[in-house]
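Fold and geometry: a report
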Amino acid sequence: MCAKSKLLSNVILILIFFVSCGDKEKKFQKHSSRIILTAKVIEDDKFQLFYIDPATGKYNERDVVRVNVKGSQDFQSIVFELPLKTFPKQFRIDIGENKIESHIEIDSLTIVFGSKKLVMNNMTFNRFFKHNIYIEENGNGIYSRKLINNKYDPFFSSTEFLKKHLELKF
């Protein structure tokens, strides 16, 4: 009887372990924040996502997520995982550091916070983001990155429309 009791207690401990691990995963998913850019980027590069610190109202080097992008002729998901419990309402996406004058094609951008999701396709992307002078819009989700006076900093900034949309949805 003692061996059966010991076996039963071990089985119960194992079940409790798996159930508690599952709860942690659910909590992570509940507060999971990520932005997924589906794009065609031909060269290897590094993309960055800066988000505004609500306390200062400014971008800073501390609040950034960097992702290495492998060049491909196919669309790929570039995922920015945000280590936050609340979703930022303003951010910018830097689309390259290597001073490569080439184009990228954006298929969609998806914002995920817990179980909530906002999806923008290449036709609606410009309502939610504006590009700076280092990006030229070519239509149908195609953008050219360019050098100006030997300077290079192509990025998209979230618009007030996106900020209001996120305040309502998230």
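A few points on the structure. Keep in mind that what you see is a predicted model, and the values were worked out from it rather than measured.

Cut-off values and rules
- Residues numbered from 1 in each chain as written.
- Predicted model: local features only at pLDDT ≥ 70, side-chain atom pairs only at ≥ 80, totals over all residues.
- Heavy atoms only, no water.
- Helix = DSSP H or I, 4+ residues; strand = E, 2+ residues; numbered from the N terminus.
- Contact = heavy atoms within 4.5 Å.
- Phe/Tyr/Trp six-rings, centres within 6.5 Å; stacked < 30°, edge-to-face > 60°.
- Buried < 20%, exposed > 50% of the residue type's maximum accessible area, 1.4 Å probe, protein only.
- Lys NZ or Arg CZ within 6 Å of the ring centre and 35° of its normal.
- Salt bridge = Lys/Arg side-chain N within 4 Å of Asp/Glu carboxyl O.
- Pairing = 2+ DSSP bridges.

This brings us to the side chain of Gln76. Positionally, Gln76 belongs in strand S4 (residues 76-82). Leaving out residues up to four positions away in the same chain, Gln76 has contacts with Leu37, Thr38, Ala39, Val41, Val69 and Lys70.

Scanning all chains against the criterion turns up 11 aromatic pairs. Ring centres of Phe50 and Tyr59 lie 6.5 Å apart, and the angle between their planes is 80 degrees; on these two criteria the pair is classed as edge-to-face. Taking the relative accessible area as the measure of exposure, Tyr59 reaches 33% and is therefore partly exposed. Joined through ring pairs, the aromatic side chains of Phe87, Phe91, Phe113, Phe125, Phe129, Tyr143, Phe156 and Phe170 make up one cluster. The positively charged end of Arg92 is found above the aromatic ring belonging to Phe50, 5.0 Å away from the centroid. For the cation-ring pair, Arg92 lies above Tyr59, with the distance from its terminal atom to the ring centre recorded as 6.0 Å.

What follows covers the pattern of salt bridges. Scanning the entire structure with this criterion turns up nine salt bridges. Note that Arg66 is salt-bridged to Glu61, the shortest N-O span being 3.1 Å. Judged by relative accessible area, which is 55%, Glu61 ranks as exposed. Taking the shortest distance from any N to any O, the salt bridge between Glu136 and Lys146 comes out at 3.6 Å. Here Glu136 is found in strand S9 (residues 135-139), whereas its partner Lys146 is found in the loop between strand S10 (142-145) and strand S11 (155-158), with 10 residues between them in sequence. Residue Lys146 is classed as partly exposed on the basis of its relative accessible area, which comes to 26%. Several salt bridges converge on common partners, so that one network encompasses Glu43, Asp45 and Arg145.

A word on the pairing of S11. Both faces of S11 are covered, namely the face carrying Phe155 and Ser157 and the face carrying Phe156 and Ser158. Of the pairings in the sheet, the one linking strand S5 (residues 91-94) to S11 comprises three bridges and is antiparallel in character. Bridging across to S11, Ile93 finds its partner in Phe156. The pairing of strand S8 (residues 129-131) with S11 spans three bridges and is antiparallel. Across the sheet, residue Lys130 finds its bridge partner in S11, namely Ser157.

Functional significance is not addressed by these values, which are geometric in nature.
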